[in-house]
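So the chains spell out like this:
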Amino acid sequence: MSRTPRITRRRVLATVAALLVVSVLGVVLAVALGRDGAADPTADRIGRPAPGLAGPTLDGGRVELAGLRGSVVLVNVFASWCGPCRDELPLLADAQRRWAARGFRVIGVDVRDGPDAARALLAQTGADQLTVLPDPTGVIAVDWGAVGVPETYLVGPDGRIEAWERGPVTAGWLQRRVDPLLGKPAPGPGEEPG
Amino acid sequence: MTARRALLAAVLLLALGAATVGVWRPFDAEAGGDPVRRLAGQLRCPACQGESVADSQSPIAVAMRQVIADQLARGRTPGQVRAYLVDRYGPDVLAAPPAHGAGLVLWLLPAVVLVGTTGAAIWRGRRRGRGKAGGRSDEHPPSGTRDRSRRRRDRQLAGRRFPLVWNLAATAVVAGVVAVAVVGTLGGGDRPPPAVPADPVPGQLALARQLEQQGQFDAAAEVYRTVLASRPDDGVRLRLAFTLVRSGRPVEAAGLADQVLAARPDDPQSLLVLGLAQRATRSAAATDTLRRFLAVDPANPAAPEIRRLLDEG
């Protein structure tokens with residue numbers, strides 16, 4: 001080809017226009033889709049009825065969340081192979097001891113774990129009083145929408161999710177979230193759920 | 001048809017075939033076989049970066065695969081399972097962008113660009129053809145080889161038969177690829193569940209094996225027990241027994257081996273696991289049982305190790 005491509009005014013304008021269209025489209029898409037993603041899709045789980053939770057417990061008993069209406073139930077998804085869970089369990093055991101009389105109960109969901117390993121962990125962390133539901137395949141964790149361990153859900157007396165925390169909870173979190181939901185101390189005998 | 005044209009046509013056909021196969025294969029691989037894997041491949045692992053539920057080894061992804069298998073086995077459609085997981089993990093769990101709002105632009109843009117550029121290319125090609133066939137030869141006086149090649153091109157373009165064939169063929173290739181992509185993406189989306197519902201057992205067995213390999217024998221035993229509850233199978237029973245021996249529960253293991261031996265007294269695997277369980281409980285019968293195992297199946301991969309154990313006493 002002997003002809004050199006002529007750079008016409010029209011061609012420059014067309015190139016600039018094309019670049020402009022692509023950039024605007026990119027920015028619009030990034031903003032629109034970014035906003036979609038930024039709104040935490042799981043935030044609306046607060047206030048929703050808690051998923052079901054029923055089955056045989058680690059100590060050979062049985063637990064049913066639906067039967068605990070009126071109590072404040074903390075559901076903690078954990079596993080013996082999870083380091084932060086080891087630090088968190090003593091806090092939860094302590095909270096249950098402190099608030100049991102006011103209708104507070106902790107249920108552990110032991111995800112993809114073995115009963116012996118879980119028992120050992122509970123004994124080591126002084127949490128062997130907690131009700132633990134084994135979930136060897138992880139289907140209970142998925143039913144609750146858990147992404148990892150530990151993860152904590154606070155179920156109010158009406159059976160709705162009041163609070164939810166990814167990662168270990170702190171003593172401050174428990175105080176802030178649990179205490180306001182609990183009834184007056186020193187209930188009469190027989191009020192303890194179970 | 002000249003040899004040159006035949007060659008071009010052959011190349012074109014080859015390109016069309018390659019394009020179709022290339023686009024079809026990924027969808028076919030996804031669609032065929034395991035419906036659990038297929039659905040898991042359309043979901044994003046919520047605990048990972050850029051990995052699908054099908055590919056991730058994170059505990060929650062493995063658990064999600066189990067949920068998918070369970071629900072499909074119960075006869076729920078892939079759409080229902082997807083809705084269940086979106087309800088729990090939000091729409092971000094879907095790997096494909098939503099087909100509404102800003103997400104719709106992502107779906108439509110490639111089609112618009114494809115149709116636009118194809119149309120523009122055809123239009124331009126035809127206009128240039130007309131232009132060249134027209135008064136161009138007046139601008140540059142013809143001379144030498146350039147003249148020959150131009151004459152040939154002019155001949156081709158003037159009739160517009162050749163460009164038209166090319167245009168049609170190129171459009172066919174593009175349309176074919178688009179059609180395959182659309183069929184592959186949308187076609188399989190909400191297929192009814194297969195006539196034979198997905199069986200959760202293979203997934204559970206794979207999970208148990210994996211747990212065994214990780215040394216989590218208790219968890220593995222738990223999963224084997226789940227499988228046994230739905231499928232009383234001697235193979236699974238013996239796997240459970242082996243796992244129990246390794247997790248330090250030989251009495252239970254011996255019980256399971258006895259169950260299998262009651263039906264098949266000379267089953268080598270049962271004799272092996274019973275012998276190992278007896279050995280773990282320091283039972284005097286262990287040596288006898290293991291000798292029987294060696295007698296029944298001397299070529300068993302475990303036999304040399306058992307001989308060594310017996311020699312040790």
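In this report, we go over the structure that sits alongside the text. (Residues numbered from 1 in each chain as written. Chains lettered and ligands numbered in written order. Predicted model: local features only at pLDDT ≥ 70, side-chain atom pairs only at ≥ 80, totals over all residues. Heavy atoms only, no water.)

## Focus: the packing of helix 10 (residues 217-230) of chain B against helix 11 (residues 234-246) of chain B
All names here are of chain B. Applicable threshold: Here the axes come from fitting lines to C-alpha atoms, over the contacting stretch only for helices, and the angles between their N-to-C directions go from 0 to 180 degrees. The helix and strand labels rest on DSSP assignments: H or I over at least four residues marks a helix, E over at least two residues marks a strand, and numbering proceeds from the N terminus. The cut-offs work like this: below 35 degrees is roughly parallel, past 145 is roughly antiparallel, 65 to 115 is roughly perpendicular, and the gaps in between are oblique. Rotating anticlockwise by less than a right angle from the far helix to the near helix defines a left-handed crossing, while the corresponding clockwise rotation defines a right-handed one. In this analysis, two residues are considered to be in contact whenever any of their non-hydrogen atoms come within 4.5 Å of each other. Here the nonpolar group is Ala, Val, Leu, Ile, Met, Phe, Trp, Tyr, Cys and Pro; Asp, Glu, Lys and Arg are the charged ones; every other residue, Gly included, is treated as polar.
With their axes 9 Å apart at the nearest point, helix 10 and helix 11 run at an angle of 160° to one another. As the angle between them shows, helix 10 and helix 11 are arranged roughly antiparallel. Considering only the axes of helix 10 and helix 11, their crossing is left-handed. Contacts from Phe-217, Ala-220, Ala-221, Tyr-224, Arg-225, Val-227 and Leu-228 of helix 10 reach helix 11 at Val-236, Arg-237, Arg-239, Leu-240, Thr-243, Leu-244 and Arg-246. Taken together, the residues of the contact of helix 10 with helix 11 sort by class into nine nonpolar, one polar and four charged.

## Brief notes about the pairing of strand 4 (residues 104-111) of chain A
Residues and elements named next belong to chain A. The criterion, for reference: Throughout this description, buried means an accessible area under 20% of the type-specific maximum (1.4 Å probe, protein chains only), exposed means over 50%, and partly exposed covers the range between. Pairing between strands requires that DSSP locate at least two bridges from one strand to the other. Orient the strands so they point away from the viewer; a crossover is then right-handed if the path from the first strand over the helix to the second runs clockwise.
With eight of eight residues buried, strand 4 lies mostly within the body of the structure. Here strand 4 shows a buried face lined by Phe-104, Val-106, Gly-108 and Asp-110 and a second buried face lined by Arg-105, Ile-107, Val-109 and Val-111. For strand 3 (residues 72-78) and strand 4, the ladder comprises seven bridges, and the chain directions are parallel. Residue pairing for strand 4: Val-77 is matched across the bridge by Val-109. At this point the chain moves from strand 3, through helix 2 (residues 83-99), to the parallel strand 4, and the crossover so formed is right-handed. Of the crossover connections in this fold, the one passing from strand 4 over helix 3 (residues 115-124) to the parallel strand 5 (residues 131-135) is right-handed.

## Let's talk about a positive patch on the surface
Here is the rule: Only residues whose relative accessible area exceeds 30% and that form no salt bridge are eligible for patches; like-charged ones are grouped when within 9 Å, while nonpolar side chains (Val, Leu, Ile, Met, Phe, Trp, Tyr) are grouped when within 5 Å. Each accessible area is a Shrake-Rupley estimate made with a 1.4 Å probe; only the visible protein chains count as cover when residues are assessed. Within this document, salt bridges are pairs made up of a side-chain nitrogen of Lys or Arg and a carboxyl oxygen of Asp or Glu, the two lying within 4 Å of each other. Charge counting follows a simple rule: Lys and Arg are positive, Asp and Glu are negative, and His as well as the terminal groups are ignored. A charged residue contributes its charge at one atom only: NZ of Lys, CZ of Arg, CG of Asp or CD of Glu.
Side chains of A:Arg10, A:Arg11, B:Arg124, B:Arg126, B:Arg127, B:Arg128 and B:Arg130 sit close together on the surface and give a patch of like positive charge. At the level of elements, helix 1 (9-38) of chain A together with helix 5 (102-133) of chain B are the ones that each hand at least two residues to the positive patch. Among the elements that take part in the positive patch, helix 5 of chain B stands out by supplying five residues, more than any other. Relative to the helices and strands, B:Arg128 is located in helix 5. Take B:Arg128: its relative accessible area is 47%, and that puts it in the partly exposed class.

## Some remarks on the side chain of B:Arg237
Residue and element names in this part refer to chain B. Note on placement: Arg-237 falls in helix 11. Classification of Arg-237 as buried rests on a relative accessible area of 15%. Contact partners of Arg-237, with chain neighbours within four places excluded, come to Leu-228, Pro-232, Leu-256, Gln-259 and Val-260.

## Points about the environment of A:Val111
Looking at the secondary structure, you find A:Val111 in strand 4. Taking C-alpha positions, A:Val111 is 9.4 Å from A:Gly148, a pair spaced 37 residues apart along the chain.

## Observations concerning the pattern of salt bridges
Taken as a whole, this structure holds 16 salt bridges over all chains when the rule is applied. B:Arg88 is the partner of B:Asp87 in a salt bridge, and the nearest nitrogen-oxygen pair spans 3.4 Å. Looking at B:Asp87, the relative accessible area reads 39%, which means it is partly exposed. When its relative accessible area of 17% is taken as the criterion, B:Arg88 is described as buried. B:Asp267 is paired through a salt bridge with B:Arg264; the nearest N and O atoms lie 3.8 Å apart. Each of A:Arg48, A:Asp143, B:Asp87 and B:Arg88 takes part in salt bridges that share partners, so that together they form one network.

## Some details on the nonpolar core
We apply this condition: Working definition of a nonpolar core: buried Ala, Val, Leu, Ile, Met, Phe, Trp, Tyr and Cys residues. They are joined through side-chain atoms within 4.5 Å.
Counting residues in each nonpolar core, the largest one holds 43 residues, and the members touching the most others are A:Leu53, A:Val142, A:Trp144, B:Ile68 and B:Leu85. By residue number, the principal contributor to this core is helix 3 (residues 59-73) of chain B, which donates eight residues. Those residues in contact with A:Trp144, other than ones at most four positions away along the chain, are A:Arg45, A:Ala50, A:Pro51, A:Gly52, A:Leu53, A:Leu65, A:Val75, A:Tyr153, A:Val155 and A:Ile161. The next biggest cluster of nonpolar side chains, apart from the first, holds 37 residues, and it includes B:Leu228, B:Val245, B:Leu261 and B:Ala277.

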